[in-house]
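# Structural overview
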Amino acid sequence: MIGNDIVDLNLARLQSNWERHGYLQKLFTEEEQKFIINSNNQELNVWLLWSMKEAVYKAVQRKYKLERFYDPNQFVCSQVQLTPEKARGEVSYQDEIFKTTSELFPDKILSYTANSEFSHFSEEKNARSLLLQKVSKHFLIPLDSLNITKTGQGIPLITYHGDNLQIPFSLSHHGNYSAYALSLNMS
């Protein structure tokens, strides 16, 4: 199971007024709100917690083949440990706890969760084509035979001549950035 999310901080700053009344309550638990409000960089921590929740949401949606749903408060962030360039934390969903890692940059945040070795991510705009190139090279499959399609639930999968290759991956894009997380450990 794997999930990722990327936030373009410049676009988020333009499109979102996270300081407006009721915004934090809509997305975050009371403990998460306290974490944000008591931090030195509230804006960064809003998007950090959001990206952690989104990464786990994608992993959960894939694992349980869920229909899309919007309820960020079902995903609870805790144990967040910050350094200037990285954050680690946990996100709870129902009875499960997912470890997350976030890479912090001046203009973006990339978060991911994985139950196996995390193999690669890209921040370039063409993450879809880079992902397919990586799969093609690793499995010695002709690139023009690979495609990314979606299930009825909107979950992306990599196909080879229409057959699902069952490769765990996650795609994300926001503003000027896109990213993929890919596990090539198929055991």
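Overview of the structure. (Residues numbered from 1 in each chain as written. Predicted model: local features only at pLDDT ≥ 70, side-chain atom pairs only at ≥ 80, totals over all residues. Heavy atoms only, no water.)

### Observations concerning the sheet that holds strand β6 (residues 146-150)
The cut-off we apply is this: A pair of strands is considered paired only if DSSP assigns at least 2 bridges between the two. Note on conventions: DSSP H or I runs of at least 4 residues are helices, E runs of at least 2 residues are strands, and numbering of each starts at the N terminus. Two residues qualify as a contact provided that any one of their heavy atoms is within 4.5 Å of a heavy atom in the partner residue. Convention adopted: a line fitted to C-alpha atoms gives each axis, helices being fitted over their contacting stretch, and angles between N-to-C directions are expressed from 0 to 180 degrees.
Read from one edge to the other, the open sheet built from three strands follows the order β6-β7-β8, with strand pairing classed as antiparallel. Here the strands that pair on one side only, and so sit at the sheet edges, are β6 and β8 (163-164). One ladder, built from five bridges, connects β6 with strand β7 (residues 156-160); its direction is antiparallel. Bridging across to β7, Ile-148 finds its partner in Ile-158. In this fold helix α5 (residues 127-139) packs onto β6 and β7, with an angle of close to 125° to the strand it touches most, β6.

### Observations concerning the sheet that holds strand β4 (residues 96-104)
Whenever strands of a sheet pair, they do so through backbone hydrogen bonds, lying parallel or antiparallel. Strand order in the open sheet made by the five strands is β1-β5-β4-β3-β2, with antiparallel pairing throughout. The sheet terminates laterally at β1 (2-8) and β2 (75-82), the two strands that pair on one side only. Across this sheet, the average inter-strand angle for adjacent strands is 20°, counted without regard to direction. As paired strands, β4 and strand β5 (residues 108-114) are joined by four bridges and run antiparallel to one another. Of the residues in β5, the one forming a bridge with Thr-101 is Tyr-112. Its contacts with the sheet place helix α4 (residues 42-64) against β1, β2, β3 (86-93), β4 and β5, and it is angled at close to 150° to β1.

### A look at the packing of helix α3 (residues 30-37) against α4
Test applied: Under this grouping Gly is polar, as are all residues other than the nonpolar Ala, Val, Leu, Ile, Met, Phe, Trp, Tyr, Cys and Pro and the charged Asp, Glu, Lys and Arg.
Relative to each other, α3 and α4 sit at 145°, their axes nearing to 8 Å. Across the interface between the two elements, Glu-32, Phe-35, Ile-36 and Ile-37 from α3 touch Gln-42, Asn-45, Val-46, Leu-49 and Lys-53 from α4. Partitioning the contact of α3 with α4 into residue classes produces five nonpolar, two polar and two charged.

### Re α3
Which entries qualify depends on this criterion: Each residue gets one of three labels from its accessible area relative to the maximum for its type: buried under 20%, exposed over 50%, partly exposed in between, using a 1.4 Å probe on protein chains only. Directions pointing from the helix axis toward each C-beta atom define the arc.
Among the residues of α3, Glu-32, Gln-33 and Ile-36 are the ones counted as buried. Viewed along the axis of α3, the buried residues span an arc of 100°, placing them on a single side of the element. Of the residues in α3, the exposed ones pointing more than 90 degrees away from the buried face are Glu-30 and Glu-31. Contact partners of the buried residues in α3: α2 (23-27), α4 and β2.

### Focus on the layout of surface pockets
The following threshold applies: Points on a 1 Å grid, built from protein atoms alone, make a cavity when a 1.4 Å probe fits but cannot get out and make a pocket when they are open with protein on both sides within 12 Å along at least 5 of 7 lines; residues with an atom within 4 Å of a point are the lining residues. Grid points are joined across faces, edges and corners, and a volume is the space filled by probe spheres set on the points.
By volume, the largest pocket amounts to about 740 Å³. Breaking the lining of the largest pocket down by element, the ones donating at least two residues are β1, α1 (9-15), α4, α5, β9 (169-174) and β10 (177-182). Element by element, the count of residues in the lining of the largest pocket is highest for α4, at seven residues.

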